[in-house]
Amino acid sequence: MVFFKKSISERKGRVAIASFAVVLAVTAITGLLGITVGIREKLGTELRAYGANIVVYTEAGAYLTEDFGARISAMSNVEEATSQLMANVVFENMSFESVGLDFQQIKGRGWRLSGNWPKEQGEILVGINLKSALKLEAGKRIKLVGQGNSGPGKEFLVAGFVEMGGNEDNAFILSLPDLWSITGLAPKVSAVLVRGMPGALDAVVANIKRDFKDVSVKTMRQVAVAEDLLLQKIQLLLALITIVVLFSASVSVASTMGATVLERRKEIGLMKAIGATKKEIGLFYKVEAVFIGLCGGIGGFIIGFAVIQAVSKGAFNSFVNIPFYIFGAAVSIGVAVSVFSSLIPVRGALKYNSAAILRGD
Amino acid sequence: MAFIKLDSASKIYETAQALRGVDLEVEQGQWLNIVGPSGSGKSTLLNVIGGLDSLSSGNVVIDGAEITGLSEDAMAVFRRERIGFVFQQAHLIPYLNAVENVMLSQYFHSMSDEDEAIEALKRVGLGHRLTHRPSQLSGGEQQRVCIARALINSPKLLLADEPTGNLDRENTRIILELLKKLHQEEHFTIILVTHDPFVSQWGQRIITMEDGKIKCDEFICYL
């Protein structure tokens, strides 16, 4: 033990250089592993802004009930489910499409908004195309009546205007209870918009079809496929970079360790001459390599962790959660790179004729 | 029965033949010096006896054990049990102090014992240099550490390859006096390679090597 301690403590410079090579390798690998794991979560969050990727509905004229949304939400691989009701409303004797939904659930999901987001019932959004057609302004109060409903209708405050590039641009957007109140359709909904986990959409669709017999389920293929492809490509790219970095880092560590071992050829020759077996000499250097790997692995993880957080902060304006196994993986990779990198030069040095080494040949 | 016995020992390197059918017997406790010009095969002969080099043909028996066919690791174990080495260059581990360098030999033999290592250094006159590193020791002192290291495990055979080759006359005499004293006390066998006529007169027997053969074998008066 004393020889090992001395070998480390009295050769700080050499050990630091070898450890630094491992630190660089592990920093790069920790960063890539962390980004690979963390970025999926972050990208998933970002991609959620694109909205639902599965629609559950019934045939024309029929409705689902509100509890469908809650039941689908509880399914595995489902991030969330939002119920929507489509119905016609009358404004100034003209019929318009309207959508009833939960404003809180869809807030910030890619809706281009001018004005304010509705804060409470009685406030609505209006599709951007209706703004000029109907000469509406934010803050104006308008009365909507459910088409085909004999009720008196209700007065609403226009909170803002939305632009989605779809049918919503020609519709009134109300809270679900408000639309129910003027159409009398409570607790019916037209569709449940489901946000399934990217990569597990087929499983979600199968589960919904299994549990709900009389519904139609449609995957919004373009969104789903694009998300899946994007994530797959990013992961593949990161995996390739990780392999290249791991390989080049190993070569770098191997050359550093190789140079260190070559410097110690006489030491190895001497050990052989005084009766050390190859296994005993190999163990001596392996223990040292494990120590260097541990130091480099821990140091590399700390730096890599900081790099990941810096990248995440810059790209997503938030920090990323790194699972503990990444720490274990980083340290293991550090030790493995260090040990395997020293194996070849040590084996090479063990093959030398100790008499020749000690003569200085 | 001879303590060391070489039969028709030959060693052929890629470009030269270092030993040509050498026959040699050395008695237990004998001090044998090997002399001869450069390239005569004297160091090769020493390395073959110590198992640091292998024979191309012939065989070597030491203390009743045939070592010719031993694997490298088996030879290492044999070496640590029965042979001590002293080289021309000190070959001390630079980051270990004198005591630790001696203890390294104990470590591979059985167990490190600091008190024993200190005692061994005191016997070679280095009781005041125990914690000095090689860089803080003179050439003669370094060589004395090597002798302490070579003898710490009480080997039956000490092999010394030009142990005074890098030393001045005064230090050479100190080393030889030390070897003589230890040899008389412990009765181990010494085989010492040298090209220095002064050194070769220390001991009990001189063989002269030339072109891979023993040209002359003479017993001398033990100084």
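Right above here is the structure, for reference.
This text gives an overview of the structure that appears in the document. Just so you know, these numbers come straight off a predicted model, no measurement behind them.

## Re a nonpolar patch on the surface
Residue and element names in this part refer to chain A.
Item 1. Residues Ile298, Ile302, Ile303, Val307 and Val311 make up a contiguous nonpolar surface patch of about 400 Å² in total accessible area.
Item 2. With respect to the secondary-structure elements, Val311 resides in helix H10 (residues 278-316).
Item 3. On the basis of relative accessibility, which here comes to 39%, the residue Val311 falls in the partly exposed class.

## Comments concerning a negative patch on the surface
Item 1. The grouping of Asp113, Glu114, Asp115, Glu116 and Glu119 of chain B at the surface amounts to a negative patch.
Item 2. Following the sequence through the fold, Asp113 of chain B ends up in the loop between helix H3 (98-109) and helix H4 (114-123).

## Things to note about the layout of surface pockets
Item 1. Looking at the second largest pocket, its volume works out to about 560 Å³.
Item 2. Surrounding the second largest pocket, 27 residues form its lining, Arg359 of chain A together with Ser43, Thr44, Asn47 and Asp161 of chain B being those nearest its centre.

## Things to note about a positive patch on the surface
Residues and elements named next belong to chain A.
Item 1. Together, Lys279, Lys286, Arg347 and Lys351 make up a positively charged patch on the protein surface.
Item 2. Mapped by element, the contributors of at least two residues to the positive patch are H10 and helix H11 (324-351).
Item 3. If you trace the backbone, Lys286 turns up in helix H10.
Item 4. The class for Lys286 is partly exposed, based on a relative accessible area of 39%.

## Considerations on the pattern of salt bridges
Item 1. Inspection of every chain in the model, using the stated rule, returns 23 salt bridges over all chains.
Item 2. Asp178 of chain A serves as the salt-bridge partner of Lys154 of chain A, at 2.8 Å between the closest nitrogen and oxygen. Of this pair, Lys154 of chain A sits in strand E8 (residues 154-163) while Asp178 of chain A sits in helix H6 (residues 176-183), placing them 24 residues apart in sequence.
Item 3. Lys154 of chain A gets classed as partly exposed once you look at its relative accessible area, which sits at 29%.
Item 4. The class for Asp178 of chain A is buried, based on a relative accessible area of 0%.
Item 5. Between Arg205 of chain B and Asp217 of chain B there is a salt bridge, and its shortest N-O distance comes to 2.7 Å. Within this pair, whereas Arg205 of chain B is found in strand E9 (residues 205-210), its partner Asp217 of chain B is found in strand E10 (residues 213-219), the two being separated by 12 residues in sequence.

What counts, and where the lines are drawn
Residues numbered from 1 in each chain as written. Chains lettered and ligands numbered in written order. Predicted model: local features only at pLDDT ≥ 70, side-chain atom pairs only at ≥ 80, totals over all residues. Heavy atoms only, no water. Patch = residues over 30% accessible without salt bridge, like charges linked within 9 Å, V, L, I, M, F, W, Y side chains within 5 Å. Areas by Shrake-Rupley, 256 points an atom, 1.4 Å probe, with all protein chains shown as cover. Salt bridge = Lys/Arg side-chain N within 4 Å of Asp/Glu carboxyl O. Helix = DSSP H or I, 4+ residues; strand = E, 2+ residues; numbered from the N terminus. Buried < 20%, exposed > 50% of the residue type's maximum accessible area, 1.4 Å probe, protein only. Lys, Arg positive; Asp, Glu negative; His and termini not counted. Charge placed at Lys NZ, Arg CZ, Asp CG, Glu CD. 1 Å grid on protein atoms, 1.4 Å probe; cavity = no way out; pocket = protein on both sides within 12 Å on 5 of 7 lines; lining within 4 Å. Points joined across faces, edges and corners; volume = space filled by probe spheres on them.

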